Amino acid sequence: MSDWQPTACILCECNCGIEVQLGGDDGRHFARIRGDKEHPASQGYVCQKATRLDHYQNGRDRLTAPLRRRDDGSFEEIDWDTAIREVAERLAAVRDSHGGDKIFYYGGAGQGNHLPAAYAGATLHALGAVFRSNALAQEKTGEFWVNAKMFGAGTRGDFENCQVAVFLGKNPWHSHGIPRARVVLREIARDPARTMIVIDPRRSETADLADTHLQLKPGSDAWLLAAILGVLVQEERVATAWVTEHTVGLEQILPLLHAVPIADYSARAGIEEDIVRRVARTLAEAESVAIYEDLGVQMNRNSTLVSYLHRLLVLLTGNFANPGGQYIATTLHPLAMVAPKPPKQTPVTKSKVIAGLVPCNVIAEEILCDHPDRFRAMIVESSNPAHSLADTRAMREALESLDTLVVIDVAMTETAQLADYVLPVPTQYEKWEATFFNFDFPHNCFHLRRPLLPPPADLLTEPEIHARLVESLGAMPEQIVSQLEQAHAAGGRLGLGAAFLEVSAGAPDLRWLASVVLYRALGPKLPDGSSAAAALWGAAHQCAQRFPDSVRRAGFDGKGPMLGEQLFDALLESASGFVFSMDEPVDSWSRVRTHGGRIQLALPELFGQLEGLATQAPPAATEAFPFILSAGERRAYTANTIYRDPAWRRRGTDASLRINPADAERLGVVDGDLVRLSTKRAAVEVPVEASDRMQPGHVSLPNGTGLDNQNPDGRLERSGIAPNDLTAAEDRDFLAGTPWHKSVPARIETVA
Ligand SMILES: Nc1nc2c(c(=O)[nH]1)N[C@H]1C(S)=C(S)[C@@H](COP(=O)(O)OP(=O)(O)OC[C@H]3O[C@@H](n4cnc5c(=O)[nH]c(N)nc54)[C@H](O)[C@@H]3O)O[C@H]1N2
Ligand SMILES: Nc1nc2c(c(=O)[nH]1)N[C@H]1C(S)=C(S)[C@@H](COP(=O)(O)OP(=O)(O)OC[C@H]3O[C@@H](n4cnc5c(=O)[nH]c(N)nc54)[C@H](O)[C@@H]3O)O[C@H]1N2
Ligand code: SF4
Ligand SMILES: [Mo]
C-alpha cells in the first residue's frame with residue numbers, strides 16, 4: 001500500500017481534509033481513508049460518507065474517451081482533436097446564426113470542484129454566451145438577493161462562538177455546512193450556557209440535540225418567523241440603539257410587524273403562542289445569535305420572504321459583526337463565475353437573473369418554445385440537471401430538443417445520456433482541484449488539492465478543455481500570451497504581473513479570458529504540473545489587496561504585490577490547506593456595501609408578500625393530496641449524484657419514503673412495503689419506512705437516489721426513486737424562482 005496522501009472529501013461544501021492510502025490490485029483503489037489532522041478547518045474530522053470515496057474514484061459509469069452521438073442515437077468514441085474542433089464548430093454555428101446569447105451554460109462546479117468555473121467564463125466569452133446557471137439558482141438565489149439588498153454581501157453565522165444557535169430548515173447533523181458540524185452541535189448541546197433552537201417539521205437528528213424544537217407544519221415558516229418578529233416589536237424587545245446606529249429603514253418595517261397577529265400566525269404554523277413568545281425573548285436577550293437557513297426553507301413556500309425575515313431577526317436583535325453573530329467572510333476566489341454579466345431578465349419567461357444566474361425552474365421553459373430568443377445550445381459541466389432539477393420529464397424533453405448539448409463530466413450521467421458530445425475529465429483525485437466554499441470565521445482557509453494518481457486514460461482537465469475551446473474558436477490572444485511568457489522569463493511572476501496590468505489597460509476583454517491566458521502563459525511554469533492553479537494567482541493578489549489586514553493577521557508580511565505572491569506560494573505549497581485570513585468580528589462592517597455602510601432593513605419588494613400572509617395559509621391536506629411530501633432529504637447515505645453506485649449506500653432504508661407510524665398503520669403498510677406515491681406531476685412506487693421523526697401528514701424522500709446506471713450490456717438500470725420525477729417546475733418562488741420541493745402535495749396508496 002502507498003503512503004498516506006492528503007486531499008479532501010468532495011461530498012459536501014465542508015470539503016474536510018482527508019488522507020488516502022492507495023491499494024487494491026491495480027494500486028488505484030482507495031484502500032484506507034482517514035481525516036487529515038493537518039487540515040486547518042476540519043482538523044481530522046470526517047463523517048461516515050467520506051470513507052466510501054472509492055465508490056467515486058472507481059465509480060459506476062466512468063467515461064474514458066470523448067463521445068459523439070450518431071444519427072441512430074448511439075455514441076461513438078472520437079479523438080480529442082475531433083471533439084474539440086466539432087464542439088467549437090457546432091457552438092460557433094449557433095452563435096453565428098442565432099447569436100451567442102442562445103448558448104446556455106449550466107454548472108461549472110460541484111461540491112468539491114470549482115476550478116472548472118474559474119475557466120469556463122473564457123469559453124462563454126469566446127462564444128458570446130451570457131446566460132448561465134447552476135444549482136445555486138434552485139436553492140440560494142433568494143438568500144443572495146436579500147443579502148445583496150440588505151448588506152451588499154453574503155452573511156454567515158458564527159456557530160463556534162454563538163450563545164444561541166438557530167437551525168432553520170437545516171439539519172447539519174447529516175448535511176453539515178459548518179466545519180466539524182457534529183462536534184460543534186454536541187458542544188452547544190452540552191453547554192448549559194448555550195441554547196440550540198431547531199425549526200423543522202421533522203424531528204431531525206439535529207433536533208434531537210436541541211433545547212427547543214419548533215416542530216412547525218411543513219411550509220409554514222413565514223408565519224412562524226413573522227410571529228417571532230411580531231413579538232420582538234410588540235413587546236418592545238428590539239435592540240433599538242444598535243438598529244438606529246447601524247441600519248436604515250426601521251420606520252418602514254415597524255408598522256408591518258406591529259400588525260402581525262401573533263396568536264393567529266403561531267397557530268397557523270402549529271406552534272403554541274407561549275413557545276413563540278419564549279423563543280423571541282430568548283433571541284432578544286441572547287449575547288449572540290447565529291442562524292443558518294437551508295433547503296427546508298429555501299426550497300419552500302415564501303422562500304425569499306423567509307430569507308428576509310431571517311435577516312430581520314438577526315438585525316432587530318443586533319446580531320451582526322458581534323462575536324458569535326453573523327459575519328461577512330473574506331474570499332480568496334469568488335464563488336460567482338468570472339464571466340460577462342447577463343441581462344437582468346431571462347429572454348423568454350422574463351424571470352429575474354440573480355447573481356448572474358437564470359432560475360433553474362425556468363430553464364426548460366426557456367428552451368421548450370418557439371420564441372426567437374430561446375436557448376438553442378447548452379454546455380453542462382459538472383452537473384446533472386436531467387436528474388437534479390424540478391420536473392425531470394420537462395427537463396429531459398428540453399435537453400433533447402436542443403440543437404447541441406455538450407456535457408463535461410467524469411461519468412455517463414442522466415444528462416450525458418442526452419448529449420450530442422460528452423467530454424470526459426479526470427476525477428477530482430486525478431488532477432489539481434479546489435473549491436471556493438471558503439466562508440469560515442475567524443480564520444478562513446483555502447485548500448488546493450494535489451492529484452493522488454494519474455487518470456486511467458487520455459483525459460483532459462477542464463482548464464485544458466476550456467483553453468483548447470477558446471483556441472479553436474480563434475479567441476485566444478496568442479500575442480498577449482507570448483508577451484506574458486517573455487515577461488515571466490525576464491522577471492518571474494512579479495514581472496508577469498506588471499506586464500499583465502500593462503496589457504490589460506489596452507484590452508478590456510482580457511479579464512474574461514484571463515484564466516485561460518494565465519493557464520497558457522503561467523501554468524506551465526508552476527511546480528509539479530499545477531498549471532490548473534494559474535487562475536488562482538490573480539485571485540490571491542486580489543485577496544491580498546482587498547483584505548490586507550486579515551491576510552497579515554494570518555501570518556503573511558509581504559509588502560505591496562509580495563503579499564499576494566506569498567499567499568499564492570502558500571496555496572501551492574500547503575498540501576493540507578492553509579489559513580489565508582484571520583478576522584475580527586468588526587471587520588464585517590468594512591464589507592457592508594449598502595448605504596454608506598448602513599444595513600438596509602426595508603425591502604419593499606417583499607412587503608406585499610409579508611402582508612399577504614394574513615390572507616394565505618400554509619399548504620394543507622386536501623382530499624386529492626392528503627400528504628405533504630419533502631422531496632430530497634439529506635440522510636446518512638445520500639450525496640447528491642456524486643456517488644453513482646447504489647451499493648455505496650449500505651443502509652437500504654436511506655432510499656425509502658419515511659412516514660409517521662400512525663399514518664403507516666392507517667394505510668396498513670409496514671417497513672419495506674411498496675406504496676404508490678402520486679403528485680400532480682407523476683406517480684412512483686417506493687418502499688416505506690415508518691419513522692416517529694415524521695409528523696402525521698408529512699412524508700419525506702431522500703435526494704440523489706434513482707440514478708440510471710449502465711449495465712455491462714449497455715442497458716440502463718434504475719435504482720430507487722428520482723425525486724424530481726414528482727416535482728413541478730411552476731411551483732416556485734415568485735421572486736427568485738426557487739422550487740417548492742420541500743412541500744409537494746402528495747397522495748399515498750397501497751399496491752397489491
Ligand atoms: N448527507 C448529505 N449531506 C449533504 C448533501 C447530501 O446530498 N447528503 N448535500 C449537500 C447540499 S448540496 C446541500 S444544499 C445541503 C442541504 O442541507 P439541508 O438543507 O440541511 O438538507 P435537507 O435534508 O434537504 O433539508 C433540511 C431540513 O429541512 C427540513 N424541512 C422540510 N420541510 C421543511 C419546512 O417546511 N420548514 C422547515 N423549517 N424545515 C423543513 C427537513 O426535514 C430537513 O431536516 O446539504 C449538503 N450536505
Ligand atoms: N427534488 C430535489 N432536487 C434537488 C435537491 C433536493 O433537495 N430535492 N437538492 C438540490 C441541490 S441543493 C443541489 S446542490 C443539486 C445538485 O445537483 P447537481 O448540481 O446537478 O450536481 P450533483 O448531483 O452534485 O452532481 C455533480 C456532477 O458532477 C460530476 N463530477 C464529479 N466530479 C467531477 C469533476 O471533477 N469534473 C466534472 N466535470 N464533473 C464531475 C458528477 O459525475 C455529477 O454528474 O441537486 C438539487 N436537486
Ligand atoms: S462533512 Fe462528511 S461529506 Fe462533508 S466534506 Fe466532511 S467528510 Fe465529506
Ligand atoms: Mo445544494
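Small disclaimer: the values here were computed from a predicted structure and weren't measured.

What counts and how
Residues numbered from 1 in each chain as written. Chains lettered and ligands numbered in written order. Predicted model: local features only at pLDDT ≥ 70, side-chain atom pairs only at ≥ 80, totals over all residues. Heavy atoms only, no water. Phe/Tyr/Trp six-rings, centres within 6.5 Å; stacked < 30°, edge-to-face > 60°. Helix = DSSP H or I, 4+ residues; strand = E, 2+ residues; numbered from the N terminus. Buried < 20%, exposed > 50% of the residue type's maximum accessible area, 1.4 Å probe, protein only. Lys NZ or Arg CZ within 6 Å of the ring centre and 35° of its normal. Near = heavy atom within 4 Å. 1 Å grid on protein atoms, 1.4 Å probe; cavity = no way out; pocket = protein on both sides within 12 Å on 5 of 7 lines; lining within 4 Å. Sits in = over half its atoms within 2 Å of the grid points. Nonpolar A, V, L, I, M, F, W, Y, C, P; charged D, E, K, R; others polar. Pairing = 2+ DSSP bridges. Axes fitted to C-alpha atoms, helices over the stretch in contact; angles between N-to-C directions. Core = buried A, V, L, I, M, F, W, Y, C linked by side-chain atoms within 4.5 Å. Domains from an automatic or database assignment. Contact = heavy atoms within 4.5 Å. Buried area = accessible area lost by both parts, 1.4 Å probe. Polar contact = N/O pair within 3.5 Å; in protein donor to acceptor, adjacent residues only side chain to side chain. Areas by Shrake-Rupley, 256 points an atom, 1.4 Å probe, with all protein chains shown as cover. Points joined across faces, edges and corners; volume = space filled by probe spheres on them.

**A look at the packing of aromatic side chains**
How two aromatic rings sit relative to each other is given by the distance of their centres and the angle of their planes.
Line of reasoning, step 1. Under the criterion given, the structure shown has 15 aromatic pairs.
Line of reasoning, step 2. Seen from their ring centres, Tyr-56 and Tyr-429 are 5.9 Å apart, and the 75° between their planes marks the pair as edge-to-face. Remark: Tyr-429 occurs in the loop between strand S17 (421-424) and strand S18 (443-446) and Tyr-56 occurs in helix H1 (residues 54-57); sequence separation between them is 373 residues. The same class applies to Tyr-56 as to Tyr-429, namely buried.
Line of reasoning, step 3. On the basis of an interplanar angle of 75° and a centroid distance of 5.7 Å, the ring pair of Tyr-119 and Tyr-519 is categorised as edge-to-face. Taken together, the residues Tyr-119 in helix H3 (residues 115-127) and Tyr-519 in helix H19 (residues 510-521) connect sequence positions 400 residues apart. Judged on exposure class, the residue Tyr-119 and its partner Tyr-519 are both buried.
Line of reasoning, step 4. Connected via pairs of aromatic rings, a cluster forms that spans Phe-151, Trp-242, Phe-320 and Trp-589.
Line of reasoning, step 5. In this structure, Arg-34 is placed above the aromatic ring of Trp-4, and the distance from its NZ or CZ to the ring centre is 3.8 Å.
Line of reasoning, step 6. In this structure, Lys-170 is placed above the aromatic ring of Tyr-292, and the distance from its NZ or CZ to the ring centre is 4.6 Å.

**Some points on the site of ligand 3**
Line of reasoning, step 1. Close to ligand 3 lie Cys-9, Leu-11, Cys-12, Asn-15, Cys-16, Val-46, Cys-47, Lys-49, Ala-50 and His-176, which account for all nearby residues.
Line of reasoning, step 2. The cavity that encloses ligand 3 is the second largest cavity.
Line of reasoning, step 3. In terms of residue class, the shell around ligand 3 is built from seven nonpolar, two polar and one charged.

**Things to note about the sheet that holds strand S1 (residues 5-8)**
Line of reasoning, step 1. Here we have three strands laid out as an open sheet, ordered S1-S2-S3, and antiparallel in their pairing. This sheet does not close on itself; its edge strands, each paired only once, are S1 and strand S3 (29-35). Neighbour-to-neighbour, the strand axes of the sheet open up by a mean angle of 40°, direction not taken into account.
Line of reasoning, step 2. Here S1 pairs with strand S2 (residues 17-23) via four bridges, running antiparallel. Across the sheet, the residue bridging to Gln-5 is Val-20, located in S2.

**Quick look at the nonpolar core**
Line of reasoning, step 1. By size, the foremost hydrophobic cluster in this structure holds 104 residues, and its most contacted members are Leu-53 and Phe-446.
Line of reasoning, step 2. Each of domain 1 (1-58) and domain 3 (627-750) gives at least three residues to this core.
Line of reasoning, step 3. In contact with Leu-53, other than residues within four places in its own chain, are Cys-9, Ile-10, Leu-11, Ile-18, Phe-30, Ile-33, Tyr-429 and Tyr-643.

**Comments concerning the domain arrangement of the chain**
Line of reasoning, step 1. Split into domains, the chain comes out as domain 1 (1-58), domain 2 (156-327) and domain 3 (627-750).
Line of reasoning, step 2. Once you take the C-alpha centre of each, domain 1 and domain 3 turn out to be 29 Å apart.
Line of reasoning, step 3. Between domain 1 and domain 3, the residue contacts involve nine residues of the former and 10 residues of the latter.
Line of reasoning, step 4. Summed over both partners, the interface of domain 1 with domain 3 buries about 950 Å², with 57% contributed by carbon and sulfur atoms.
Line of reasoning, step 5. Sorting the residues of domain 1 by area buried against domain 3 places Leu-11, Arg-52 and His-55 first, and these three jointly supply 63% of that buried surface.

**A short note on the site of ligand 2**
Line of reasoning, step 1. Among the 31 residues in the neighbourhood of ligand 2, the closest are listed as Ser-388, Asp-409, Glu-462, Ala-631 and Thr-641.
Line of reasoning, step 2. Within the contact set of ligand 2, a nitrogen atom lies 3.5 Å away from a side-chain nitrogen or oxygen of Gln-138.
Line of reasoning, step 3. Between ligand 2 and the protein, one listed contact pairs a nitrogen atom with a backbone N or O atom of Ala-631 at 2.7 Å.
Line of reasoning, step 4. For ligand 2, the protein covers 96% of the area, taking 910 Å² as the surface of the free molecule.

**A look at the layout of surface pockets**
Line of reasoning, step 1. Approximately 180 Å³ is the volume found for the second largest pocket.
Line of reasoning, step 2. Lining the second largest pocket are 13 residues; nearest its centre among them are Lys-217, Pro-218, Pro-619, Ala-620 and Ala-621.
Line of reasoning, step 3. Taken together, the residues of the lining of the second largest pocket sort by class into eight nonpolar, three polar and two charged.
Line of reasoning, step 4. Here the lining of the second largest pocket spans two domains, since at least three of its residues come from each of domain 2 (156-327) and domain 3 (627-750).

**Some words on the pairing of strand S9 (residues 164-168)**
Line of reasoning, step 1. Of all five residues that make up S9, five are buried, and the element is covered over most of its length.
Line of reasoning, step 2. Judged by which residues are buried, S9 turns out to be covered on both faces: Val-164, Val-166 and Leu-168 on one side and Ala-165 and Phe-167 on the other are all buried.
Line of reasoning, step 3. Bridging between S9 and strand S10 (residues 195-199) involves five bridges; their strand directions are parallel. Counterpart to Leu-168 in the pairing with S10 is Ile-199.

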